[in-house]
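Notes for the structure review
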Amino acid sequence: MSVDWSGKRGRLRWSWLLWAIGALAWLMPALAATREGVPIVVERYVTAIGDDDLAALQRGALDARLQAEDPAAVTPPVGRTTWYRVQLVAEWVSPREPVLLITYANDMRVRAYGPPSYGGDEYSIYRADIGTLRTRRVLVVPLPQGWNAGTPLYLRVEAATAVTHQFIVTDRQSAYAAELTQARLDVLWPLLQLSLLLAGLVVLRPRSNNLGALYLGLTAAIAVAMACKSGLAFEYWPTRLLAPLGVRATALAATTVALFALALARAYLELPRWAPRLARGFIGCGGVLVAFVIACTLPLPDAWMMRITSALVGTALTLSWLAGVRAWRHRRPGAALFVLVWSPTLAVILLRMVYVLLQQPSPPLAGPLQAAALSVAALGMLHLLSQRLPRDAVASYGDVRHERDVLTGALSRGAGLARLRASFVAARTRQRPLSLISCDLGPHLRERRNGCARSEVDASLCALMAVLRAELRRNDGIVRAGDERLLAIASEADAGAARALAERIVRHIDAAALDLCGAPLASVLALGVASLGEDVRTPEEMLDRALADGEARRGSHAAAAARSAAPPRRA
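Residues numbered from 1 in each chain as written. Predicted model: local features only at pLDDT ≥ 70, side-chain atom pairs only at ≥ 80, totals over all residues. Heavy atoms only, no water.

**A few points about the pattern of salt bridges**
As a reminder of what qualifies: Each salt bridge in this description consists of a side-chain nitrogen of Lys or Arg and a carboxyl oxygen of Asp or Glu lying within 4 Å of one another. Starting at the N terminus, helices and strands are each numbered in turn, a helix being any DSSP run of H or I of at least four residues and a strand any DSSP run of E of at least two. A 1.4 Å probe rolled over the protein chains alone gives each residue an accessible area, and that area as a share of the maximum for its type sets the label: buried under 20%, exposed over 50%, partly exposed in between.
For the structure shown, the criterion picks out 25 salt bridges. Close ionic contact of Arg 432 with Glu 492 constitutes a salt bridge, the shortest N to O distance being 3.0 Å. Here Arg 432, found in the loop between helix H13 (413-430) and strand E10 (434-440), pairs with Glu 492, found in the loop between strand E12 (485-491) and helix H16 (495-511); they are 60 residues apart in sequence, far enough to count as distant. Here Glu 492 falls in the partly exposed class, since its relative accessible area comes to 41%. Salt bridges here are not isolated pairs; linked through shared partners, they connect Asp 535, Arg 537, Glu 541 and Arg 545.

**Topic: a nonpolar patch on the surface**
Note the cut-off: Only residues whose relative accessible area exceeds 30% and that form no salt bridge enter a patch; like-charged residues are grouped when within 9 Å of one another, and nonpolar side chains (Val, Leu, Ile, Met, Phe, Trp, Tyr) when within 5 Å. All accessible-area figures derive from a Shrake-Rupley calculation using a 1.4 Å probe, and residue coverage is judged against the displayed protein chains alone.
A contiguous nonpolar patch, built from Val 187, Leu 188, Leu 191 and Leu 194 and spanning about 290 Å² of accessible area, is present on the exposed surface. Along the polypeptide, Leu 194 turns up in helix H4 (residues 188-203).

**Some points on the side chain of Arg 554**
The condition that has to hold: Residue contacts are counted whenever heavy atoms from the two residues lie within 4.5 Å of one another.
Position of Arg 554 relative to the elements: it lies in helix H18 (residues 539-565). Setting aside chain neighbours within four positions, we find Arg 554 in contact with Pro 443, His 444, Glu 447, Val 524, Leu 525 and Ala 526.

**What about helix H15 (residues 454-471)?**
Residues three or four positions apart in an α-helix share a direction because the helix packs 3.6 residues into each turn. The criterion, for reference: Multiplying one less than the number of residues by 1.5 Å gives the expected span of a helix.
Counted at 1.5 Å a residue, the expected span for H15 with its 18 residues is 26 Å, and the 26 Å between its end C-alpha atoms agrees. The inward-facing, buried residues of H15 contact E10, helix H14 (442-447), strand E11 (477-482), E12, H16 and strand E13 (515-516).

**Some points on the packing of aromatic side chains**
Worth spelling out the cut-off: Planes of paired rings set the category: under 30 degrees apart is stacked, over 60 is edge-to-face and the rest tilted, where pairs are Phe, Tyr or Trp rings (Trp by its six-membered ring) whose centres lie within 6.5 Å.
Evaluation of the coordinates by the stated rule reveals five aromatic pairs. Between the aromatic rings of Tyr 268 and Phe 338, the centroid separation amounts to 5.9 Å while the plane-to-plane angle is 20 degrees, which identifies the pairing as stacked. A residue pair is termed long-range when its members are at least 10 positions apart, and Tyr 268 in helix H6 (residues 248-268) and Phe 338 in helix H10 (residues 335-357) qualify at 70 residues. Here Tyr 268 matches Phe 338 in class, with each residue buried. Here a set of aromatic residues connected by ring pairs shows up, and it is made of Tyr 268, Phe 338 and Trp 342.

**A closer look at the nonpolar core**
Definition in use: Put simply, buried Ala, Val, Leu, Ile, Met, Phe, Trp, Tyr and Cys residues joined by side-chain atoms within 4.5 Å make one nonpolar core.
Counting residues in each nonpolar core, the largest one holds 94 residues, and the members touching the most others are Leu 155 and Met 381. Excluding anything up to four places from it in sequence, Met 381 contacts Tyr 215, Leu 264, Tyr 268, Phe 338, Val 341 and Trp 342.

**Structural notes on the sheet that holds strand E9 (residues 167-171)**
Operational definition: DSSP calls a pair of strands paired once it identifies at least 2 bridges connecting them. In this analysis an axis means a line fitted to C-alpha atoms, helices contributing only their contacting stretch, and an angle means the value between N-to-C directions, from 0 to 180 degrees.
Taking strand neighbours across the sheet as the criterion, the three strands line up as E7-E4-E9 in an open arrangement whose pairing is antiparallel. The open sheet has two edge strands, strand E7 (139-142) and E9, and neither has a second partner. When strand polarity is set aside, the average angle formed by the axes of neighbouring strands in this sheet is 30 degrees. Sheet analysis places strand E4 (residues 98-102) next to E7, joined by four bridges and oriented antiparallel. Note that in E7 the partner of Leu 101 across the bridge is Val 140.

**Concerning H13**
With 18 residues, H13 extends 26 Å between its outermost C-alpha atoms, agreeing within 8% with the 26 Å of an ideal straight helix rising 1.5 Å per residue. Phi for Gln 431, located one or two positions after H13, is positive at around 55 degrees.

**Description of the sheet that holds strand E2 (residues 66-69)**
Taken in spatial order, the six strands make up an open sheet running E2-E1-E3-E8-E5-E6, and their pairing is antiparallel. Of all the strands in the sheet, the pair left with one neighbour each is E2 and strand E6 (119-123). Averaged over all pairs of adjacent strands, the angle between strand axes in this sheet comes to 30 degrees, irrespective of strand direction. Relative to E6, strand E5 (residues 108-113) is paired through four bridges, and the arrangement is antiparallel. For Arg 111, the partnering residue across the bridge sits in E6 and is Glu 122.

**Re the packing of H6 against helix H8 (residues 276-295)**
Note the threshold: Any angle that falls under 35 degrees is termed roughly parallel, while one over 145 is termed roughly antiparallel, one within 65 to 115 roughly perpendicular, and all others oblique. Note on convention: near helix rotated counterclockwise from far helix by under a right angle means a left-handed crossing. Clockwise means right-handed. Classes in brief: Ala, Val, Leu, Ile, Met, Phe, Trp, Tyr, Cys and Pro nonpolar; Asp, Glu, Lys and Arg charged; the others, Gly included, polar.
Between H6 and H8, the shortest axis-to-axis distance is 10 Å and the interhelical angle comes to 165 degrees. Comparing the axis directions of H6 and H8 gives the class roughly antiparallel. For the crossing formed where H6 meets H8, the hand is left-handed. On H8, the residues that touch Leu 252, Thr 255, Thr 256, Ala 258, Leu 259, Leu 262, Ala 265 and Arg 266 of H6 are Ala 279, Phe 282, Ile 283, Cys 285, Gly 286, Leu 289, Val 290, Phe 292 and Val 293. In the contact of H6 with H8, the residues fall into 13 nonpolar, three polar and one charged.

**A closer look at unusual backbone geometry**
Cis geometry is found at the peptide bond from Trp 237 to Pro 238, where omega equals 5 degrees. Summarising the element assignment, Pro 238 is placed in the loop between helix H5 (210-230) and H6. The phi angle at Arg 331 is positive, at roughly 60 degrees, despite the residue not being glycine. By the secondary structure assignment, Arg 331 is in the loop between helix H9 (302-329) and H10. By relative accessible area, Arg 331 is classed as exposed at 77%.

Encoded structure:
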């Protein structure tokens, strides 16, 4: 069952989807799992402390450098090592094993010191041995069962971006249940992108359409980037192969999104046609993004990589948006809606870029708003490409559509066949009728033994062309598909209407007393009809059916004429 996304009902469907995305972004913070832990004290050492000072740190010789932190809003400085001290306010009395949770920890690496069994073990959501009772959305540091209020835990933290974290001490089972609930919410955004990817597979036919292939790459890259940001990507194959890259995996995915967005904007806006210099600029920017994607696989400093990623993504999306504005000023089709679709994404990306470059934590709603804006952009591009597909079904049609036959004034063979393919795709996509009528003089000419002068054939073609122009609608196309063949592309005509049109053409030819080398044209013309149906898979098959129908109808007419002209048999 097909769904028509055009017209008033189609606009209502798009608006409902946009409202659903906005509501999801608004409700995500409210639906987030609540985490309850025991009271703790978190303190940060405000001066730089080296690894050689660990013994003095544990003796309490550096306590004068401590500064109290809110456990619900811990923001480590970017690009340098920071030490924290975590202590319980009261004794741990639960029989379950305690754990320390650090939320939004995809940008940090932590080493734990303090209790006898903690000699600097490193904890990260990218570890391969993360365990079955831990998710990759938060960092889980296991604590000893006998941990008491008098035993501090020292944390050596390295952060790549400015993110506000929560430090929570709770039991392992409660932590896992809360994070599992949150992970189910985090998977909604990648699932939305995957659903748009499947819709693109059905609607855009990417095997024969470069725009469709670029759109699928964009939605897939957005889904992976969202999953990397939440940590879910590192739990499933094949994206968990990116886990050894650490936070650079998120940078790689974000840069890939910008690369596909840039390529899609270049192709959709048709920059090589009317702005070749800008198109070459897009290629240069794409080359920089590709080089940075390769650099993300190298062991470079995470903090600098995240800043460069933010700047490159913001620059690429800004360039795409400005190209859309320029195309809008040049009255390019679809440019205004392209600018509207990408404006929310650009605004949120630029906002987050400013925060990253200033090394300040983004507002809590920035993450859901960015996911919602990217979803709106993907949904809007699906709408734009689905409307653009019928016009771009055949890339060569725009180059040859003005080619005309010198003798008859009909479309040339190349332009006509391109017109037929484009009309076929448009009718199939929009579920509209389409018919093809063939008018072939060849069968009769091949049967003549003494041949026929070329001037007489050309005169008959011109007369037949005049009849087709008189009977067809203005928007229908007429094609000279051979030396002795004309085709009529009747859009919005089903099988019944096409048959009636063919009968009118025959009556018009008969009334005008047209002939072909002395024979009545109405009786020798191979006039066939083929209409778009479920069993017609290609335009070429439709053309073959019309020609076969014409020869069959001509043969039946010739047989009927021969029977009527034969003398009656004697009894």
